[in-house]
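Residue strings, one per chain:
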Amino acid sequence: NDADKEVWDVVEEDEMEEYNRRLLEEKRAAKKAAASLAPSGGGTGKPGRPPSLLPKKADDPHPWRVSSFRIMKKIMRHRNAWPFLEPVDPVKLDIPDYLEIVKTPMDLSSAREKLTKSAYNSPTEWANDMRLTFNNAILYNPVTDRVHELAKQMKAMFEEELGKEGVRIKAKEVKRTQKNMIKAAEGALPTLSPAVPISSQWPEAEGDWRADGPGSTQKSADNSGEECSVGSPEAE
């Protein structure tokens, strides 16, 4: 009201700061007192807090996307991935027969955009687009072309990363199950798991990706850092 306004108009700046400081201390003290009255622990591992009724993590309808993004980041940042990052431009590259040979164009940026927008209903759909990107390049470019070789190497790397991620997912699910059993025995709230285990949806890697040991395809791709010749068709 007007009376209060008149009072605050004559309050000095340092007095206002002191008032705010004391008010903040009182709020902290009140919050601490309220916490001390709450049930201790409650299965949260944090004393003074009641157990939460909310899931610890958001119920993502596509929890497998985290693993897919992890692989996409590694693939797209590789130095040999540059021919596959963007859609092929037949006009710019002067390859008018490209769309006659490649019926379903795809590239890494398009796959990433679809993944970001939850356009894939399963990790298999995403993996098929990733493979399509490299298979298109292998189909269109001659065996002697550098892009053809890079596509084979990047596809092998993708399959290896896909296989390793599948192993990691299964190990994580086993660990989560064990933790939930311990929490259930202690009467604590379990960590919520996806309705459908990610491992049951995760696609199998094509080929024998462990044949030459972990990191073999990575090493092969790393040793192939030469640039493609000017005018070589870029892979989708």
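Here the residue index of a chain counts from 1 through its sequence in written order. Where totals are concerned, whole chains, interfaces and linings use all residues; where local detail is concerned, this predicted model gives features only for residues with pLDDT of at least 70, and gives and counts side-chain atom pairs only at 80 or more. Computation of side-chain values: all heavy atoms of the structure, hydrogens and water removed.

Before going further, it helps to spend a moment on the pattern of salt bridges. We count a salt bridge whenever a side-chain nitrogen from Lys or Arg sits within 4 Å of a carboxyl oxygen from Asp or Glu. Taken as a whole, this structure holds ten salt bridges when the rule is applied. With its nearest N and O atoms 2.5 Å apart, the salt bridge here joins Arg70 to Glu165. Residue Arg70 is located in helix α3 (residues 65–76), and its partner Glu165 is located in helix α8 (residues 146–186); the two are separated by 95 residues in the primary sequence. Between Glu113 and Lys117 there is a salt bridge whose closest N-O contact spans 3.0 Å. A 1.4 Å probe rolled over the protein chains alone gives each residue an accessible area, and that area as a share of the maximum for its type sets the label: buried under 20%, exposed over 50%, partly exposed in between. Of the residues examined, Lys117 reaches a relative accessible area of 59% and is grouped as exposed. Strands are runs of DSSP state E lasting at least two residues, helices are runs of H or I lasting at least four, and both sets are numbered from the N terminus onward.

A few words now on the confidence of the model for the protein. Detailed reading of the predicted coordinates is not advisable wherever pLDDT is low. Confidence of the predictor at the level of single residues is captured by pLDDT, which takes values from 0 to 100. Model confidence for the protein is summarised by a mean pLDDT of 75, while 63% of its residues fall at 70 or above. Predicted confidence is poor over residues 3–11, with pLDDT under 50, and the contacts of this stretch with residues over four places away or in other chains come to three contacts. Within the model, the stretch residues 222–236 combines pLDDT values under 50 with 50 contacts to residues more than four positions away or in other chains. For this analysis, residues touch if any pair of their heavy atoms sits within 4.5 Å.

With that settled, consider unusual backbone geometry. Positive phi, normally seen in glycine, also occurs at Asp94, with a value near 55 degrees. Mapped onto the secondary structure, Asp94 falls in the loop between α4 (90–93) and α5 (98–101). On the basis of relative accessibility, which here comes to 63%, the residue Asp94 falls in the exposed class.

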